[in-house]
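Each chain, written out:
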Amino acid sequence: MSKTIGIITGSLRKNSFSGSIADYVKNNAPAGYTVKLIDIGGLPLYSQDSDGEELKEYTDFRNEVKALDAVLFITPEHNRSIPAALKNALDIGSRPYGHNVWSGKPGAVISQSPGGIGGFGANHHLRQVLAFLNVLTLAQPEAYIGAYHTLIDENGVLSNEGTKGFIDEFLAAFAAWIEKVA
Ligand code: FNR
């Protein structure tokens, strides 16, 4: 039976670079895997006050994550860290206390930027949060994709063959990691 990798991107931008990578992954999933894009843009800002309530957006999101076999995060860097929308989603999934839906999931991180260091700061801030949430995050290969604006065509579709090959190898390593920790 095929396993499901959920993709969560850290960008709410239309025509997002992260979304462009997500589209490539969706269309080039490893054999035996299906890819599901998880939308975090409609999640209200988290407050601990909501822990005792059944907020539909939160419940639906937590159930979506629970059903995944693995999670791939694809994110830009905002001010050397992860975008607020992504942190909000991570926090929502981590609560109420004792009901962390991320726990035990195999995970992986791809960061991208138009800049030269490929969102390194966001990538590692995210890894710090994922370690605490008990996400079993792929260590190697790392994926910092720099100068992303030069790797796409006029429609925003990933077109650089070297980057496609790198992502294919990254996904193969992620699939092997998922099998290993399952
Ligand atoms: C950025 N950007 C950015 N880039 C970077 O390499 N390091 C950084 O610290 C920041 N900081 C930052 C803050 C804010 C508030 C914005 C809006 C942007 C640039 C940004 O990460 C870049 O355009 C992304 O590649 C866009 O990705 P998406 O949103 O298209 O997926």
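None of these values were measured; they are calculated from a predicted model. (Residues numbered from 1 in each chain as written. Predicted model: local features only at pLDDT ≥ 70, side-chain atom pairs only at ≥ 80, totals over all residues. Heavy atoms only, no water.)

Following the criterion strictly, the structure yields 6 salt bridges and no others. With its nearest N and O atoms 3.4 Å apart, the salt bridge here joins E64 to K36. With E64 in helix α2 (residues 56-66) and K36 in strand β2 (residues 33-38), the pair connects residues that are 28 residues apart, well separated along the chain. Assessed through its relative accessible area of 24%, E64 is described here as partly exposed. The salt bridge partner of K87 is D91, with a shortest N-O separation of 3.0 Å. One end of the pair is K87 and the other is D91, both in helix α3 (residues 84-94) and 4 residues apart, which spans about a single turn. Classification of D91 as partly exposed rests on a relative accessible area of 25%. (Salt bridge = Lys/Arg side-chain N within 4 Å of Asp/Glu carboxyl O. Helix = DSSP H or I, 4+ residues; strand = E, 2+ residues; numbered from the N terminus. Buried < 20%, exposed > 50% of the residue type's maximum accessible area, 1.4 Å probe, protein only.)

Bringing the packing of helix α1 (residues 17-27) against helix α5 (residues 161-181) into the picture now. The description of two packed helices rests on the angle between their axes and on the distance between the axes. Their axes nearest at 11 Å, the elements α1 and α5 cross at an angle of 60°. Read as a crossing pair, α1 and α5 show a hand that is right-handed. From α1, I21, Y24 and V25 reach across to α5, where they touch K164, I167, D168 and L171. Residues of the contact of α1 with α5, tallied by class, amount to 5 nonpolar, no polar and 2 charged. (Axes fitted to C-alpha atoms, helices over the stretch in contact; angles between N-to-C directions. Left-handed = near helix turned anticlockwise from the far one by under 90°. Contact = heavy atoms within 4.5 Å. Nonpolar A, V, L, I, M, F, W, Y, C, P; charged D, E, K, R; others polar.)

Purely geometric stuff here, so don't read any function into it on its own.
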